[in-house]
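Structural description and commentary
For reference, the chains in residue letters:
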Amino acid sequence: MGRPSWDEYFMKIAQVVATRATCVRRKVGAVLVRERRILTTGYNGAPSGLPHCEDIGCLRDELNVPSGERHELCRGLHAEMNALLQAAIHGVRVEGATLYCTSSPCSVCAKMLINVGVKRVYTGGGYPDELAAELLKDAGVEVIELGEKKFSS
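To start, this report covers the structure provided alongside it.

Scoring rules and cut-offs
- Residues numbered from 1 in each chain as written.
- Predicted model: local features only at pLDDT ≥ 70, side-chain atom pairs only at ≥ 80, totals over all residues.
- Heavy atoms only, no water.
- Helix = DSSP H or I, 4+ residues; strand = E, 2+ residues; numbered from the N terminus.
- Rg over C-alpha atoms; globule rule 2.2 N^0.38 Å.
- Buried < 20%, exposed > 50% of the residue type's maximum accessible area, 1.4 Å probe, protein only.
- Contact = heavy atoms within 4.5 Å.
- Axes fitted to C-alpha atoms, helices over the stretch in contact; angles between N-to-C directions.
- Parallel < 35°, antiparallel > 145°, perpendicular 65-115°, else oblique.
- Left-handed = near helix turned anticlockwise from the far one by under 90°.
- Nonpolar A, V, L, I, M, F, W, Y, C, P; charged D, E, K, R; others polar.
- Salt bridge = Lys/Arg side-chain N within 4 Å of Asp/Glu carboxyl O.
- Core = buried A, V, L, I, M, F, W, Y, C linked by side-chain atoms within 4.5 Å.

Helices and strands together make up the secondary structure of the protein, namely 6 helices and 5 strands. Going residue by residue from the N terminus, the α and β elements of the protein occur as α-β-β-α-α-α-β-α-β-α-β. Computed over the C-alpha atoms, the radius of gyration of the protein is 15 Å, within 12% of the 15 Å expected from 2.2 N^0.38 for a compact globule of 153 residues. Looking at the protein as a whole, 40% of its 153 residues qualify as buried. The contacts in the protein between residues at least 6 apart in sequence include a share of 57% that link residues at least 24 apart.

Closest axis-to-axis distance for the helix α5 (residues 107-116)/helix α6 (residues 130-138) pair is 8 Å, and the angle between their directions is 15°. The orientation of α5 with respect to α6, classified from their angle, is roughly parallel. Note that α5 runs across α6; the crossing there is right-handed. Every residue of α6 that contacts α5 at Ser107, Ala110, Lys111 and Ile114 is listed here: Leu131, Ala132, Leu135 and Leu136. Partitioned by chemical class, the residues of the contact of α5 with α6 number 6 nonpolar, 1 polar and 1 charged.

The next subject is the environment of glycine 124. Among the structural elements, glycine 124 can be located in the loop between β4 (120-123) and α6. Spatially, the C-alpha atoms of glycine 124 and valine 28 are 9.8 Å apart, while their sequence positions differ by 96 residues.

Per the stated rule, a full pass over the model turns up 5 salt bridges. Aspartate 61 is paired through a salt bridge with arginine 25; the nearest N and O atoms lie 2.7 Å apart. In this pair, aspartate 61 is assigned in helix α3 (residues 59-62) and arginine 25 in the loop between α1 (6-18) and β1 (29-34), connecting sequence segments 36 residues apart. Looking at arginine 25, the relative accessible area reads 35%, which means it is partly exposed. Glutamate 95 is paired through a salt bridge with arginine 93; the nearest N and O atoms lie 3.7 Å apart.

What follows covers the nonpolar core. Across soluble globular proteins, nonpolar side chains show a tendency to be buried alongside one another. By size, the foremost hydrophobic cluster in this structure holds 18 residues, and its most contacted members are Ala30, Leu32, Val94, Leu99, Leu113, Val118 and Val121. Of all the elements in the fold, those that place two or more residues in this core are β1, α4 (79-90), β3 (98-101), α5 and α6. Examining the composition of this core, we find that 4 residues originate from one element, α4, more than from any other. Apart from residues no more than four positions distant in its own chain, valine 121 is found in contact with Leu99, Pro105, Leu113, Val141, Glu142, Val143 and Ile144.

With that out of the way, let us pick up the packing of α4 against α5. Running from N to C, α4 and α5 cross one another at 30°; their axes reach a closest spacing of 9 Å. In terms of orientation, α4 lies roughly parallel with respect to α5. Relative to α5, the crossing made by α4 is left-handed. Facing α4, whose interface residues are Glu80, Met81 and Leu84, α5 presents Val108, Cys109, Met112, Leu113 and Val116.

Despite not being glycine, glutamate 35 has its phi angle at roughly 55°, a positive value. Following the sequence through the fold, glutamate 35 ends up in the loop between β1 and β2 (37-43). By relative accessible area, which is 70% here, glutamate 35 ends up exposed. Located in the positive-phi region is asparagine 64, a residue other than glycine, with phi close to 55°.

And the structure:
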């Protein structure tokens, strides 16, 4: 195994970040990078100080909500949201950044990424949200699917 490319390196870091996720349905990690420097990371889970779904159960499972639908019916924040919120909390400028995420963004996260000026998204896997892909394309955000298998250990 040779030295990983920068893209492989940052995606592997996103995979490690995902191990902190507390969602019972999907563990997702995100890393915001600019000029080959990590700006922030985020993983999916309940807001700070609130009980995690892995401890109290999943509202979406209880209501039989399919993946990719009704994002408001979830206690958790997405990994991309948490990466952006960490930037806001710590005063880190993310305009022009690249996102490495173990899953493709949903439409809510896509709109946030567009508005903060993220220019490129590397994703490790699909997510059933056609609107997100359309929004990112229309905004000129480059999306590159790297695939999960390429980065598994």
